[in-house]
Each structure stands twice: as C-alpha cells, then as structure tokens.
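# Structure at a glance
Here are the chains, one letter per residue:
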Amino acid sequence: MGLSAPDRWWVGRLEPAALFSLRSSASTSAGGKTMLVPTPYAVKCALIDAAYRTEGESAGRGLFALLKEAATAILPPPFLAVTNTFMRAQRRVREYGADDDAAADDEVPPEGGPFGSTLIYREVCSFGGPFEIGLGFRGHAPPAVRDVLWAINYLGRRGGFVQVTSVEHRTEPHPISVIVDPKGWKPSVLVAGDLVAPLDDLGPGATVDRIAPFSEEQARWNRDRIVHFRVLPLRHERSSHHFSLYRRVGDKT
C-alpha cells in the first residue's frame, strides 16, 4: 500500500501588498534572480516567525515540530510579471586594484575607504492577483496552524508584504497547486508548466536553533534544508529587455 495523501489542509488566501522577491538559497548576493513563488521553507519560517511574535517562544517551538511533518501546497497568482533591473550598490573590495571579480575597474574604492560602487542585477515579481499557501496533515488539522496563518504579514525578502484574506479547512488543496511533502507523497497527476524550480523545505534534522538567523548554530543542506525540484503551473507569455510575463496554467483572463 502506498503512502497516503495529506487529508487535512489549512489553506490561506493571500493578497500581495508589495513586490515579491526571494533569491534561491544557492545564489550569491550578486546574482539577483528571484523565485516566482515562496518556497515551503520560506512559508514555514514565516509561520514560525508569526508564532514567536504573537504567542511567544514556546508556541513557536511547538509549531516548528508540527511544520516539520507538514506538506506544503503553493498556488501561484493568476499571472505575474518579473522586472529585470540593474542597480548601483556599494560593495566591499578585498584588495585595491586586484585583478578579480570582487575588484573590477568600477569597484575601486575611494581613497581611505573599503567600499566601491558596482552594478548588481535584481529581479522582483509583481503578483497579478491573490495566491494560496496550504499546510497539509494526516488525520487532523492542528488549530495552531490556522491561528498563525492569519498573522503572516510578509513572505520572501523584507518588505514583501502580504495580506491574508481567508483561511479555510479543506480535504485537499487546489488541484494545480505545487506540493512538497516531507514524507515523500506526490499527486498522481502533475500539472505541466514551463518552469522547474528548486523548492527548499525543512529537513528531518532541522531544529529551531539551527535555522534561527541570530543563532550561532548553522543550518546544513540535506539535514536542515532539503531541495525538491517541482514543475510550476506557470506558462511563459512574453518577454522584453525589461520584464517577463507568466500566466497560471488554465487561466484565460
């Protein structure tokens, strides 16, 4: 007998209140390509952060234990546009005049200063409509997850504000949602899209202290964070030098 599917879901519907951006965990600070959807890891960290802010440390640690076993479902917005932007930034130069990538001609620092001006590439997503995130369980749907879903106010980069407009109990998420289940379950029917994305999730060895940004402990790949590759239900519509437009599979409007 195969692994059973999660049959108890808390699904939140969210409206974007600002531009979304989330770099892949494998990228560098100079490589500013963005993910097109929040990853399960980002969703769960946002929930844990909300629990700490609203109910305290004990609630946050209790929620963490629940989320490690939870499946995640992500439904993109009806369409989204990605802007392609170059911008100026100050960057530390390792050695004055060094012939390497970190000290290019336009990165020579001013006299007496360790920083130089350089160009960096950045992408941000403009979500065209609401999107959904769901947390799936087997046999029961913990009320703590429902309560803290209402407290999420941003996803991805700082300033990527969102507004939760509803939280529903369902027996299954939207049929074209991208699903990542730590226990390994996958839907029997997968939606075909144009993009494959690396979606990271909490690993089996993850602890609150290892993923906390202010902790001295460090998270490790394949222990605290696991990458799952999934096809996103998005179709590429058009592109130019300045933007790329994507539409959700099945949406005609």
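Placed above this text is the structure.
First, a word on what this report is: a plain description of the structure on this page. Worth saying up front: this structure is predicted, and the values here are computed from it rather than measured.

### Structural notes on the sheet that holds strand β4 (residues 115-128)
Ordered by their spatial adjacency, four strands build an open sheet running β4-β3-β11-β10, and the pairing between neighbours is antiparallel. Every other strand in the sheet has two partners, leaving β4 and β10 (234-239) as the edge strands with one partner each. Across this sheet, the average inter-strand angle for adjacent strands is 30°, counted without regard to direction. Note: strand β3 (residues 79-92) against β4, 14 bridges, orientation antiparallel. Counterpart to Leu80 in the pairing with β4 is Phe127.

### With respect to the packing of aromatic side chains
Under the definition given, this model contains two aromatic pairs. Between Phe127 and Phe131 the ring centres are 5.2 Å apart and the planes differ by 75°, which places this aromatic pair in the edge-to-face class. Taken together, the ring pairs connect Phe20, Phe127 and Phe131 into an aromatic cluster.

### Topic: the side chain of Lys44
For Lys44, the location among the structural elements is in helix α1 (residues 40-55). Judged by relative accessible area, which is 0%, Lys44 ranks as buried. For Lys44, the residues in contact, after removing those within four places along its chain, are Leu67, Lys68, Ala70, Thr72, Leu135, Pro182, Asp201 and Leu202.

### With respect to α1
Taking 1.5 Å per residue as the helical rise, α1 with its 16 residues ought to reach 22 Å, and the 22 Å between its terminal C-alpha atoms agrees with that figure. Residues of α1 that are buried include every one of Pro40, Tyr41, Ala42, Val43, Lys44, Ala46, Leu47, Ile48, Ala50 and Ala51, and no others. Positive backbone phi, at 100°, marks Gly56, one or two positions downstream of α1.

Thresholds applied
Think of each chain on its own: its residues are numbered from 1, step by step along the sequence as written. Where totals are concerned, whole chains, interfaces and linings use all residues; where local detail is concerned, this predicted model gives features only for residues with pLDDT of at least 70, and gives and counts side-chain atom pairs only at 80 or more. Working from all heavy atoms in the structure, the side-chain values ignore hydrogens and water. Two strands are said to pair when DSSP picks up at least two bridges between them. Numbering goes from the N terminus for both helices and strands, where a helix is a DSSP run of H or I of at least four residues and a strand is a run of E of at least two. Axes, fitted as lines to C-alpha atoms, cover a helix only where it is in contact. Angles between the N-to-C directions of the axes lie from 0 to 180 degrees. Think of it this way: a Phe, Tyr or Trp ring, Trp meaning its six-membered ring, pairs with another when their centres are within 6.5 Å, and the plane angle makes it stacked under 30 degrees, edge-to-face over 60, tilted otherwise. Think of it in three bands: with a 1.4 Å probe and only protein chains considered, a residue is buried below 20% of the maximum accessible area for its type, exposed above 50%, and partly exposed in between. The contact criterion used throughout is that any non-hydrogen atoms of two residues lie within 4.5 Å. By this rule, a helix spans an expected 1.5 Å times one less than how many residues it contains.

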